[in-house]
Amino acid sequence: MNGPMKVAHASRLGALVTHRGRSSRLGKLVAHRTLESLVALAALVVGGCTIDIDAPASLERPSFEQFKTVSPLLEQRCGSLDCHGNLARPLRVFGVRGMRYVNIFDPDQALELADPELARENGSFPGAGGKPTTEDEYAQNWRSACALEPEKMSRVARGELDPDELLLLRKPLGMEGHKGAALFVKGSSDHVCITSWLEGDVSNSECELSLKNP
Amino acid sequence: MMRSARRLATLAHAGATLFAALVAALLVACDDPSLDRLLDALPDEAPGFPPGEVHRPGQPCVACHSPYGGVEPELSVGGTVFAVPKDDSEAPFMLEGYAVRLVDSEGETRVLRTNRCGNFLSKKADWDPAFPLRAELYQVPRDDQPDVLVQDSVMASRIGRDGSCAGCHIHPKSPFSPGVVEALKVDASVEPPNDCPPPWLGPDPRLPEISAQ
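As the structure is a computational prediction, the values presented were derived from the model and not from experiment.

Honestly, the packing of helix α3 (residues 64–77) of chain A against helix α9 (residues 189–198) of chain A in this entry has me stumped. Any pointers?
Between two packed helices, what matters for the description is the angle formed by their axes and the separation of those axes. All names here are of chain A. One way to put it is that α3 packs onto α9 with a least axis distance of 10 Å and a crossing angle of 145 degrees. Taken as a pair, α3 and α9 cross one another with a handedness that is left-handed. Facing α3, whose interface residues are Gln66, Phe67, Val70, Leu73 and Arg77, α9 presents Asp190, Cys193, Ile194 and Trp197.

Pasting the structure below:
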């Protein structure tokens with residue numbers, strides 16, 4: 001019932017702006033397109049039902065161990081407290097230069113949020129005097145980087161996709177809108193540091209060099 | 001003909017309603033809840049210190065002095081330099097005689113000097129820097145030689161986008177704040193200024209929000 005009514009309505013709307021004969025053709029066209037869309041949607045739904053929901057996900061991620069060489073670059077370039085060193089933003093970055101990771105499921109750590117004195121004693125604050133970036137923070141940063149676009153990241157890790165297709169690089173390269181603007185160019189030590197990790201052979205020298213950039 | 005005209009009018013009315021709803025939705029979407037929370041946490045103006053260059057030390061200047069905050073003049077950068085006593089029972093106090101050197105992404109440099117209440121600022125009309133910025137803190141040891149600067153410290157990270165130092169530098173130190181902008185080399189004989197409003201020393205309005213997560 002709805003279909004023909006909608007078509008008739010579309011036809012009437014068409015009549016307001018076109019000649020009577022053209023509106024009739026428009027109505028038929030809309031009806032045809034609607035039918036096509038319904039068939040396509042039905043095919044999609046039927047196809048979608050065949051997915052094995054119990055099958056394990058097979059997303060691959062670049063090496064965590066190698067990421068520890070890359071993390072200081074992300075901490076320096078992306079993780080300031082007014083940018084990605086912030087719980088409210090995608091690609092959360094933790095570390096000695098910015099936001100510190102507090103595991104709220106660990107009662108001892110969670111206390112640091114309520115007790116600044118304890119946070120200070122534990123060096124759980126950014127900047128001078130704070131404890132170095134922890135293993136937990138490396139892990140969180142790795143998860144952030146990989147979870148930004150998990151499917152694409154998996155394809156990059158398999159060597160099926162150019163790393164520059166990732167938002168992780170498109171944003172700082174200025175190829176995608178980025179509140180923090182373009183931060184580095186292709187071929188720079190920053191760029192090579194990250195892409196080398198994504199390609200499975202992190203360049204320690206380029207990552208070290210990137211940290212010396214002003 | 002008449003029916004067509006009526007339908008056109010109905011269509012126009014529906015379009016206008018839709019447009020108005022869209023504008024209303026966009027206006028609501030322009031609210032920034034985290035900035036609102038920060039603004040709500042700030043105290044009122046201290047008695048005897050009307051708006052001016054020494055008012056509200058330690059507060060996030062650009063939060064108000066921006067198109068969002070609606071206060072003139074618009075600032076690009078603003079903050080307060082503090083001394084933090086070794087004895088935790090004493091509160092941080094503001095420092096005169098310091099300079100903050102900022103270098104933007106295009107190499108433009110500005111040296112902003114603290115006034116008697118520790119505040120320093122740059123109006124956006126004077127300097128609209130390209131973020132991120134590098135920040136260095138200097139002592140100005142002699143009043144008669146203001147160009148002689150002695151380096152105190154260098155900020156470990158860049159300023160990504162927020163011209164308010166106190167947008168991140170909120171007392172006390174916590175997992176989400178390095179504490180106030182602190183001069184590390186302070187003469188022990190320096191005392192808190194007399195004729196200044198009390199500084200804003202937190203609490204960090206973000207902490208309850210974070211604790212709740």
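Can you help me understand the nonpolar core in this one?
Grouped together as the largest cluster of nonpolar side chains are 37 residues, with contacts concentrated most on Val81, Phe82, Met94, Leu95, Tyr98, Val100 and Leu112 of chain B. Counting residues per element, the ones that place at least two in this core are α3 (61–64), β1 (75–80), β2 (82–83), β3 (93–94), β4 (98–103), β6 (119–123) and β7 (134–139) of chain B. Among the nonpolar cores identified, the runner-up in size contains 30 residues, and Val102, Tyr138, Trp142 and Cys193 of chain A belong to it.

Is there a simple way to explain the pairing of β1 of chain B in this structure?
Successive side chains on a regular strand alternate, one facing one side of the sheet and the next facing the other. Residue and element names in this part refer to chain B. By the criterion of burial, β1 is predominantly enclosed, with 6 of the 6 residues buried. Note: β1 against β6, 5 bridges, orientation antiparallel. Opposite threonine 80, over in β6, you have asparagine 119 as the bridge partner.

Looking at this structure, how should I read the environment of lysine 212 of chain A?
All names here are of chain A. Position of lysine 212 relative to the elements: it lies in the segment after α10 (204–211). Residue lysine 212 is classed as exposed on the basis of its C-beta count, with 7 C-beta atoms lying within 10 Å. The spatial distance from the C-alpha of lysine 212 to the C-alpha of leucine 59 is 34 Å, given a sequence separation of 153 residues.

Would you mind going over the sheet that holds strand β8 (residues 150–154) of chain B with me for this structure?
The strands making up a sheet associate through backbone hydrogen bonding, with each pair oriented either parallel or antiparallel. All names here are of chain B. An order of β5-β4-β7-β8 is seen for the 4 strands of this open sheet, with the pairing classed as antiparallel. Strand pairing shows two members of the sheet lacking a second neighbour, β5 (109–113) and β8, which therefore form its edges. Neighbour-to-neighbour, the strand axes of this sheet turn through a mean angle of 25 degrees, independent of strand direction. Alignment of β7 against β8, held across 4 bridges, turns out to be antiparallel.

When you look at the interface of chain B and chain A in this model, what are you seeing that I'm missing?
Bring the parts together and some accessible area is lost; that lost area is often taken as the interface size. In this assembly, 26 residues from chain B lie in contact with 27 residues from chain A. Elements with a contribution of two residues or more to the side of chain B that touches chain A: α1 (2–29) and α4 (206–211) of chain B. Ranked by the residues each element gives to the side of chain B that touches chain A, the list is headed by α1 of chain B, at 4 residues. Grouping the amino acids of the side of chain B that touches chain A by side-chain chemistry returns 11 nonpolar, 9 polar and 6 charged.

Cut-offs used in this document
- Residue numbers restart at each chain and count upward from 1, following the sequence in its written direction.
- Just so you know, chain letters begin at A and ligand numbers begin at 1, following the order they were written in.
- Where local features are concerned, this predicted model is filtered to residues with pLDDT of at least 70; where side-chain atom pairs are given and counted, the filter is 80 or more; whole-chain, interface and lining totals use all residues.
- Comment: axis = line fitted to C-alpha atoms, over the contacting stretch for helices; angle = value between 0 and 180 degrees taken between N-to-C directions.
- In DSSP terms, a helix is any run of H or I states spanning at least four residues, a strand is any run of E spanning at least two, and both are numbered starting from the N terminus.
- For any helix crossing, the convention is left-handed if the near helix is rotated counterclockwise from the far helix by under a right angle, and right-handed if that rotation is clockwise.
- Two residues qualify as being in contact provided that their C-beta atoms, derived from the backbone, are within 7 Å of each other.
- Among buried residues, those of type Ala, Val, Leu, Ile, Met, Phe, Trp, Tyr and Cys that are joined through C-beta atoms within 7 Å form a set called a nonpolar core.
- Any residue whose C-beta has 12 or fewer other C-beta atoms within 10 Å is treated as exposed, any with 20 or more as buried, and any in between as partly exposed, C-beta atoms being built from the backbone.
- Strand pairing is assigned whenever DSSP detects at least two bridges linking the two strands.
- Each residue is assigned to one of three groups, with Ala, Val, Leu, Ile, Met, Phe, Trp, Tyr, Cys and Pro labelled nonpolar, Asp, Glu, Lys and Arg labelled charged, and all others, Gly among them, labelled polar.

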